[in-house]
Amino acid sequence: MSNGVLVDISKCIGCRSCVTACKTWNDLPVKTSQNTNQWDAPVDLDSDTWTRISCHIVGEGNQRKWRFVKRQCMHCNEPACESACFTHSFEKTEEGAVIYKPTELDKDYCVGCRYCMIACPFNIPKFQYEKTFPYVQKCRFCYDRLLENERPACITACPTGALKYGNQEELLAEARQRINSNPGYVNQIYGEKEYGGTSWMYISDVPFEQLGFRTNATQKSIPSYTWDVLKWTPYIFVGWGALLTAMRFFTKPKEEGHNEAEMYAPVDPKE
Amino acid sequence: MYGRNWSFRITWFRILLILFVLGAVAAALYRFIYGLGAVTNLNNDWPWGLWIGFDLLCGIALAGGGFSTALIVHVLHKDKYLPIARAALLTSLLGYIISLVSLFLDIGRWFNFWRPFFYWGFHSVLFEVFWCIALYTTIQVLEFGDIFFEKVKFPALKKILGYMMTPLLILGIVLPSLHQSSLGSLYIVAVDKLYPLWWSMLIPFFFVWSAFFLGPAMVTVEGTLAAKAYGRNPELPVFQSMTKVTMWMMIIYFIVKMIDLNYRGVFGMAFNGSHESNMFLIEMIVFILLPIFMYAIPSIRTRLWGVVTASLLVVVGVVFNRMNVVFTGMAKSVGSSYFPSIWELLITIGMWSFLALAYLFIVENFSILPKEEHTHTTTRIYDTGFHA
């Protein structure tokens, strides 16, 4: 089983050390115009922001609480982006990371069609619209660090232990144990089943639908949906072709009733 | 080598079209040098905009006239439809060329466009779309070669093409059937993103079926336009007898749609008053049910205005449906809004202007439209054109 990360939303204090670590390790520019005083800034991921903290105020009156959710690529077990890409530019690695080959492995096949962006249920891949020859960009799970048996940069930076890196199975077991031993947690591990499971998993003390998670998510992986349709292609190709050929010869008129060359003529525009 | 002179009459309308094309070419060059962000309003929430939504998805659907007429005329041998066969093939070919151009404009790393031929992402629906469109456009060019070599004499090539014609015709129906449906399958990945009134495992069926019944309607509209432009008689009897195909196919489309909505338990969403439900109701009532009734009533169907109006509704309805899938149905899950920039619009207008110019040039120089009985025949020399 590959590796993953368990995010404990109840432990996150919204310090954004992970965001800074990500920018630093990956040499990503900071757009100063985005650093306003808004709690939620930057308001979305973009081609230079692969992780961010979204800020949520939940509850009423005295029960009001702040909750912070780290967002990044979920690194699906069966990624929609990988199945959507027609040049194999995404890959789910053994280590658990979903990487984009043109920038990660220097295998530049990407044509920039952006179908991965349509496909991703978490709206993660972003595009360098400002570049002449743009790449798709997203969190790469610090794949270079994983290869060196290092933890991803954001995890080393987290001061509260909200992020835990490890074997996916063990993390799931730990998450279940944490939920069972503390009634404060919501009884759900987001990422255990969503879209066939993801390497990044979340537990929370606040219902997930209040934190901007898509909670009606299907448990089937997205590639299995497309494959249910695509697998018929060869049969349709052969069957429909055979049927058409049969019909063409079966209905073929005995004698040629028309001469196409005699039938049509160029149009005289002066008419 | 060339049998006849070439002609292209210049009118003010054509000059206007040429200006649009030139403007679009300039904008396209700018886009290739400075990137998508400099020209388009596309963003991370709306990666696909006007060029994919309209020029590609609608362009390919509107070009459906090619494969449905090929099936009716060359496979089922319904000879009474022969008068419209070549015009349908031509508009289909031009439609595919437009779609390929818009695809090329839209891909960010356009110098890599050939990669999918070598790195087979066969688990991607887009892979099927790409291969089928590329192959089918080639096939249509070859099919057109048959017409081309009637004018440009090259007997040896024409003979070879003649031998190839049956397999080409069969492939020329199988491939578009596959990719018309896979254009719909593209949206199967958007499981939780596309509004449930449009998302369905049957979306490939809906796309290929509507592209097919759109064919006869499109031929009717084009045929009437061409007849008007050249002062000819519209092929009214052909248009009328095609309405039966369209009408029954639309009835089946409607029934399957209703069954599908019920089966998935989202039928009630059509009446929940949301923007999506209203757009869906318009799509179903104005663009599906209304043309069915117009085709069903003889006093409407047998008149030119009636058959043309109903066909126009079918054509606009398919465009409306594709727009609903690409934009209306995705808007809620995306959140932000998209409207094409002036440059995106200019390039789109330029591409369709080019299509119109190419159509005019080809019908005036090749044997596309049927001879009119009362007019003069073969000998014809134009002085206005260029001499090739």
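With an unreviewed UniProt entry as reference, chain B is termed Putative Ni/Fe-hydrogenase 2 b-type cytochrome subunit, source organism Pelotomaculum schinkii. As recorded by UniProt, the Sequence similarities (unreviewed entry) comment attached to chain B reads in full: "Belongs to the NrfD family."

By the naming in an unreviewed UniProt entry, chain A goes by Formate dehydrogenase-O iron-sulfur subunit and is assigned to Pelotomaculum schinkii. One UniProt comment on chain A, placed under Subcellular location (unreviewed entry), says "Cell envelope".

Trainee: Explanation requested: the overall build of chain B in the structure shown.
Mentor: Secondary structure summary: chain B contains 13 helices and one strand in total. By the compact-globule yardstick of 21 Å for 388 residues, chain B fits well, its C-alpha radius of gyration being 21 Å. A principal-axis box enclosing the C-alpha atoms of chain B has dimensions of 65 × 55 × 40 Å. By residue count, 61% of the 388 residues in chain B fall in the buried class. Taking as baseline every contact in chain B between residues at least 6 positions apart, the subset at least 24 positions apart corresponds to 80%. If you sum the accessible surface of chain B, you get close to 15600 Å²; carbon and sulfur atoms cover 74% of it. The positive charge centre, built from 25 side chains, and the negative charge centre, built from 19, are 5 Å apart in chain B.

Trainee: Explanation requested: the overall build of chain A in the structure shown.
Mentor: Along its length, chain A carries 10 helices and 10 strands. Rg of the C-alpha trace for chain A: 26 Å, well past the compact-globule value of 18 Å for 271 residues, more than 25% over. Expressed as lengths along the three principal axes of its C-alpha atoms, the size of chain A is roughly 90 × 45 × 45 Å. In chain A, which comprises 271 residues, the share counted as buried stands at 54%. Long-range pairs, those at least 24 residues apart, make up 57% of the contacts in chain A with a sequence separation of at least 6. Summing over all exposed atoms, chain A offers an accessible surface of approximately 12800 Å²; the carbon and sulfur share of this is 51%. Put simply, chain A has 31 plus and 33 minus side-chain charges, and the middle of one group is 6 Å from the middle of the other.

Trainee: Would you take a moment to explain the packing of aromatic side chains for this structure?
Mentor: Geometry of an aromatic ring pair is reported as the spacing of the ring centres plus the angle between the planes. Here the structure, examined in full by the defined rule, presents 49 aromatic pairs over all chains. Centre to centre, the rings of Phe67 of chain B and Phe212 of chain B are 5.5 Å apart; their planes meet at 85 degrees, and the pair counts as edge-to-face. Of this pair, Phe67 of chain B sits in helix H4 (residues 65–75) while Phe212 of chain B sits in helix H8 (residues 203–230), and the two are 145 residues apart along the sequence. For Phe67 of chain B, a relative accessible area of 2% translates into the label buried. By the ring-pair criterion, three or more aromatic residues cluster together here, those being Trp6, Phe8, Phe144, Phe148, Phe149, Phe154, Phe361 and Phe366 of chain B. For Arg71 of chain A, the ring lying beneath its charged end belongs to Phe213 of chain A, and the centroid distance is 4.6 Å.

Trainee: Looking at this structure, how should I read the environment of Arg109 of chain B?
Mentor: Looking at the element boundaries, Arg109 of chain B is found in the loop between helix H5 (82–106) and helix H6 (125–151). The residues touching Arg109 of chain B, leaving out its near neighbours within four places in the chain, are Asp108, Cys110, Val111, Gly112, Phe133, Pro134 and Tyr135 of chain A. In terms of polar contacts, Arg109 of chain B uses its side chain to reach the backbone carbonyl oxygen of Phe133 of chain A, at 2.9 Å. A polar contact is formed between the side chain of Arg109 of chain B and the side chain of Tyr135 of chain A, at a distance of 3.4 Å.

Trainee: Would you mind showing me how to read the interface of chain B and chain A here?
Mentor: Accessible area lost upon the coming together of the parts serves often as the stated size of an interface. Taken together, the contacts link 84 residues of chain B with 70 residues of chain A. Carbon and sulfur atoms supply 62% of the area buried between chain B and chain A, which totals about 7100 Å² over both sides. Looking only at chain B, the three residues that lose the most surface to chain A are Asn44, Arg109 and Val189 of chain B, adding up to 11% of its buried area. Joining chain B to chain A, the criterion identifies two salt bridges.

Trainee: Just to check I follow, could you spell out the sheet that holds strand S1 (residues 3–8) of chain A for this structure?
Mentor: Hydrogen bonds between backbone atoms are what pair the strands of a sheet, whose relative direction is either parallel or antiparallel. Residue and element names in this part refer to chain A. Pairing within the open sheet is mixed, and its three strands lie in the order S8-S1-S9. Every other strand in the sheet has two partners, leaving strand S8 (163–167) and strand S9 (200–203) as the edge strands with one partner each. With strand direction ignored, the average angle separating the axes of adjacent strands in the sheet is 25 degrees. Together, S1, S8 and S9 form the strand contacts of helix H7 (residues 168–181), whose direction differs from that of S8 by roughly 130 degrees.

Trainee: Looking at this structure, I do not really get the pattern of salt bridges. What am I missing?
Mentor: Two side chains carrying opposite charge are able to pair once their charged atoms lie near each other. Summed over the entire model, instances satisfying the criterion amount to 18 salt bridges over all chains. Notably, a salt bridge pairs Arg109 of chain B with Asp108 of chain A, separated by 3.0 Å at the nearest N-O pair. Taken together, the residues span two chains, with Arg109 of chain B in the loop between H5 and H6 and Asp108 of chain A in the loop between helix H3 (101–104) and helix H4 (115–119). No difference in accessibility class separates Arg109 of chain B from Asp108 of chain A, as the two residues are buried. Beyond isolated ion pairs, a larger network of salt bridges with shared partners links Asp8, Lys164, Glu174 and Arg178 of chain A.

About the cut-offs
Residues numbered from 1 in each chain as written. Chains lettered and ligands numbered in written order. Predicted model: local features only at pLDDT ≥ 70, side-chain atom pairs only at ≥ 80, totals over all residues. Heavy atoms only, no water. UniProt positions renumbered as here; feature names shortened; annotations may be inferred. Helix = DSSP H or I, 4+ residues; strand = E, 2+ residues; numbered from the N terminus. Rg over C-alpha atoms; globule rule 2.2 N^0.38 Å. Buried < 20%, exposed > 50% of the residue type's maximum accessible area, 1.4 Å probe, protein only. Contact = heavy atoms within 4.5 Å. Areas by Shrake-Rupley, 256 points an atom, 1.4 Å probe, with all protein chains shown as cover. Lys, Arg positive; Asp, Glu negative; His and termini not counted. Charge placed at Lys NZ, Arg CZ, Asp CG, Glu CD. Phe/Tyr/Trp six-rings, centres within 6.5 Å; stacked < 30°, edge-to-face > 60°. Lys NZ or Arg CZ within 6 Å of the ring centre and 35° of its normal. Polar contact = N/O pair within 3.5 Å; in protein donor to acceptor, adjacent residues only side chain to side chain. Buried area = accessible area lost by both parts, 1.4 Å probe. Salt bridge = Lys/Arg side-chain N within 4 Å of Asp/Glu carboxyl O. Pairing = 2+ DSSP bridges. Axes fitted to C-alpha atoms, helices over the stretch in contact; angles between N-to-C directions.

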